[in-house]
Amino acid sequence: MATAHSLGRQSQEQLRIYLQPRSGDSEPWWLNTVLLAYGTLLVCWVSQWSRSTEFFIITVATASVFNLQFWTVADVRNSALNFQPDCSFIREGKPLEEWLWLLLDESASVRIHAGEVLQAMEWGMPSAHTDFEDMAEMPDVESQSPRFAAHLKEVVGGADFDSAQFVEKLGAFKLACSRDWNQRVRKTCTQTSVRDGKYHRIAERLLTTINSTTDSDEKGTAESRLAKLNAAYWRGGCDVDNNIFQGAEAAAASGFAANRVFDLLDQELLAAPSVLEALLSESQLRHQALSAIERIGPASAQFADRLINDIDRQLDEDNASHWFDGAGALGSVGRDNPAIVQRMIDRLTHDSSIIRCSAASVLEHIGLSVCDRHEEICNLLLSLLDNDEDCCAAVLALASVGRDFAAVRNRVLMLAQPREAKLRTYADYEDTQYDLTMQERGVAISAMKYLTSYPEECVPVLVEALDSFEEYDPDHGYHGPHARVADVVAMFGESASAAVVPLANHLQDDPDEMPSSILEALASIGPAASAAIPALHDLRERFSEYFSDETELFDKSDNPVGWTIQQIEGTPEE
């Protein structure tokens, strides 16, 4: 266990318990019998009520054969049931505090049930198993979730709560879930490798026969065998995955709830800092530890040395990236910290581009809180813009740290505008070229999110980019055309009113794609985007078969076009 040494002794023992096989978690023999008997009596009542003897016989037979444990009053579906939202933090007579400890119980069945209860608390539902169709009214999750988070932090941070022990047990459980999942993945890969080898050997022989034989019967037989082989291969793959991952708590309610609880805590996690240290060393959980440190901010300065060492250790890695994964965490810790700021400045002149880019990324997240060393840092960053490897990281840091310098803004805006193409080849794919200028433009456009105090300078550049910028990053293609530009326009709010008509002109660029980012930008502009209303109505008509207009208030996810129009024109109540 590579990281268990940094946990406390009690948590190491807890980790061992969580990793044990769960054979002892099966229900007692009598419980199944009681549940079945109770279910049978319930079915008798239902059948008498429905006056259907056949219904009674068929249902009891089915329950007997499959030993269905879910025959309880809560699980008998009845269209007349109308449950009310439950926003309380006391369930089954137990407060949130007790359920948090039960989430980390030694019994998997107890942990899973506690996870379901905690999920229901956050959603404002009577139970995690309650169907939304059985609700008399939908819970207000947007309000309930912050209430749950606030109460959770209040409980864990309370004077009477053993937060150190809780955080250590929570960390041990997360480590156990991660390692159990990884072990299952490795087992799947091993089994899949064996199956793949066997499949390819048989398939190659059949394909050789199909492509070489002139005998129609022989070819038909080979094609039939190949079809059966393919069907067996895919069916077998599903069976392997289902068998191996069945029972994994990482994908159960307890695993989800543990992750959610961890992600809602911040300074409370410092009660057991060894947990964050352990998670930083666990590849599958490192991102959660980094996010926690970023949430905590300067109070987690004890991790600064570790994170800076992570920057320097990149030189020893074979496939080190120019983007440091801990930049957000170290940047949050380093705000107004002279020692950390100095150590990043020192690395801006390092011989390695990897170190220089990592330092620039950290400074981007530190932003304006660089201990009055803005001008010095900006001069160093400006010198990196002419280096192909450093430019992208440098321009983001430059816009963040030097946003109030006119010369810096001019340089960022210049990089965002059309320029002569700079064709480059990939190191591992010499036959493939890319345009470095377009990449520099894309990063400079994204960097304008730091310049929202200067709309008169930025909005015209963004409007022009709607027509001339060609997206190269698939990650910016999930929310419709022109997503990168529209996302930045949205950050300017109503001060981006000059972009309304150009945005509206691009609403139907892709007939098969919902322009979600453009809609978000128009909604953020608000009433000043009224010129886009005709184009929005045309768009709504085109997608009318997918969205309902029966309600007066539109939900953003259910009807994004109607919601956007509503943000511009106002709701009926207004």
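Note that residues are indexed from 1 along each chain, following the sequence as it is written. For a predicted model such as this one, the threshold for reporting local features is a pLDDT of at least 70, and the threshold for listing and counting side-chain atom pairs is 80 or more; totals across whole chains, interfaces and linings nevertheless cover every residue. The basis for the side-chain values is all heavy atoms of the structure; hydrogens and waters are excluded.

Trainee: Go over the pairing of strand S3 (residues 423-426) with me, naming the residues and quoting the values.
Mentor: Pairing of S3 with strand S4 (residues 429-435) involves four bridges; the strand directions are antiparallel. The residue bridging leucine 423 from the neighbouring strand is aspartate 435, located in S4. Two strands pair under a simple rule: DSSP has to find at least two bridges between them. Strands are runs of DSSP state E lasting at least two residues, helices are runs of H or I lasting at least four, and both sets are numbered from the N terminus onward. The loop that links S3 with its antiparallel partner S4 comprises two residues.

Trainee: Explain helix H14 (residues 338-347) to me, using residue names and the numbers behind them.
Mentor: Three or more residues of H14 are buried, namely Ile340, Val341, Met344, Ile345 and Arg347. Along the long axis of H14, the arc covered by the buried residues comes to 165°, so they all point the same way. Whether two residues are in contact is decided by their heavy atoms, any of which lying within 4.5 Å being enough. Contacts made by the buried residues of H14 are with helix H12 (304-313), helix H13 (327-333), helix H15 (353-366) and helix H16 (374-384). Buried residues are those whose accessible area, probed at 1.4 Å on protein chains only, stays under 20% of the maximum for their type, while exposed residues exceed 50% and partly exposed ones sit between those limits. Here, the arc refers to the directions that run from the helix axis to the C-beta atoms.

Trainee: Tell me about the side chain of aspartate 390, and please be specific about residues and values.
Mentor: Of note, aspartate 390 is situated in the loop between H16 and helix H17 (391-401). With a relative accessible area of 2%, aspartate 390 lands in the buried category. Under this definition, polar contacts are N or O atom pairs within 3.5 Å; protein pairs additionally need one hydrogen-donor-capable and one acceptor-capable atom, and for neighbouring residues in sequence, both atoms have to be side-chain atoms. Of note is the side chain of aspartate 390, whose polar atom sits 2.7 Å from the side chain of arginine 356. In contact with aspartate 390, other than residues within four places in its own chain, are Ser353, Arg356, Cys357 and Leu384.

Trainee: How would you sum up the confidence of the model for the protein? Please name residues and give values.
Mentor: The predictor reports its confidence for every residue as pLDDT, a score running from 0 up to 100. Here the protein averages 87 in pLDDT, and 84% of its residues register 70 or above. Predicted confidence is poor over residues 1-5, with pLDDT under 50, and the contacts of this stretch with residues over four places away or in other chains come to 13 contacts.

Trainee: So, the nonpolar core: which residues are in play, and what are the values?
Mentor: Definition used in this section: a nonpolar core is a set of buried Ala, Val, Leu, Ile, Met, Phe, Trp, Tyr and Cys residues joined via side-chain atoms within 4.5 Å. Counting residues in each nonpolar core, the largest one holds 127 residues, and the members touching the most others are Phe166, Met448, Leu503 and Leu522. Among the elements that line this core, the one with the most residues is H17, at 10 residues. Ignoring anything within four residues of it in the chain, the contact list for methionine 448 reads Val412, Leu413, Ala416, Cys458, Val461, Leu462, Val488 and Phe492. Grouped together as the second largest cluster of nonpolar side chains are eight residues, Tyr199, Ala203, Leu229 and Tyr233 included.

Trainee: Explain the packing of aromatic side chains residue by residue, including any values.
Mentor: Centres within 6.5 Å make a pair out of two Phe, Tyr or Trp rings, where for Trp the six-membered ring is used; the pair is then stacked when the planes are under 30 degrees apart, edge-to-face when over 60, and tilted otherwise. This model, assessed by the stated rule, comprises 10 aromatic pairs. Look at phenylalanine 89 and phenylalanine 148: their rings are 6.2 Å apart centre to centre, the planes differ by 55°, and that puts the pair in the tilted class. Of this pair, phenylalanine 89 sits in the loop between helix H3 (53-66) and strand S1 (90-91) while phenylalanine 148 sits in helix H6 (residues 141-156), and the two are 59 residues apart along the sequence. Looking at phenylalanine 89, the relative accessible area reads 11%, which means it is buried. Taking relative accessible area as the criterion, phenylalanine 148 reaches 2% and is therefore assigned buried. Each ring, one from tyrosine 199 and one from tyrosine 233, has its centre 4.5 Å from the other, and the planes form 35°; the classification is tilted. Here tyrosine 199, found in helix H7 (residues 163-212), pairs with tyrosine 233, found in helix H8 (residues 216-245); they are 34 residues apart in sequence, far enough to count as distant. Taking relative accessible area as the criterion, tyrosine 199 reaches 18% and is therefore assigned buried. The class of tyrosine 233 is buried, set by a relative accessible area of 16%.

Trainee: Lay out a positive patch on the surface in plain terms, naming residues and giving numbers.
Mentor: Taken together, Lys198, Arg201, Arg205 and Arg225 make up a surface patch of like positive charges. Among the elements that line the positive patch, the one with the most residues is H7, at three residues. Tracing the sequence through the fold places lysine 198 in helix H7. Only residues whose relative accessible area exceeds 30% and that take part in no salt bridge are eligible for patches, with like-charged residues grouped when within 9 Å of each other and nonpolar side chains (Val, Leu, Ile, Met, Phe, Trp, Tyr) grouped when within 5 Å. Working definition of accessibility: Shrake-Rupley area with a 1.4 Å probe, residue cover restricted to the visible protein chains. Any Lys or Arg side-chain nitrogen found within 4 Å of a carboxyl oxygen on Asp or Glu counts as a salt bridge. All tallies of charge rest on Lys and Arg as positive and Asp and Glu as negative; His and the ends of each chain are not included. In this description, the location of a charge corresponds to atom NZ of lysine, CZ of arginine, CG of aspartate or CD of glutamate.

Trainee: Give me the pattern of salt bridges: which residues, what numbers.
Mentor: Across all of its chains, the model carries 24 salt bridges by this definition. Aspartate 386 is the salt-bridge partner of arginine 411, the closest N and O atoms lying 3.6 Å from each other. Taken together, the residues span a long stretch of sequence, with arginine 411 in helix H18 (residues 406-416) and aspartate 386 in the loop between H16 and H17 at a distance of 25 residues. Note on arginine 411: relative accessible area 24%, which makes it partly exposed. Arginine 419 is the partner of glutamate 440 in a salt bridge, and the nearest nitrogen-oxygen pair spans 3.3 Å. Residue glutamate 440 is located in helix H19 (residues 436-447), and its partner arginine 419 is located in the loop between H18 and S3; the two are separated by 21 residues in the primary sequence.

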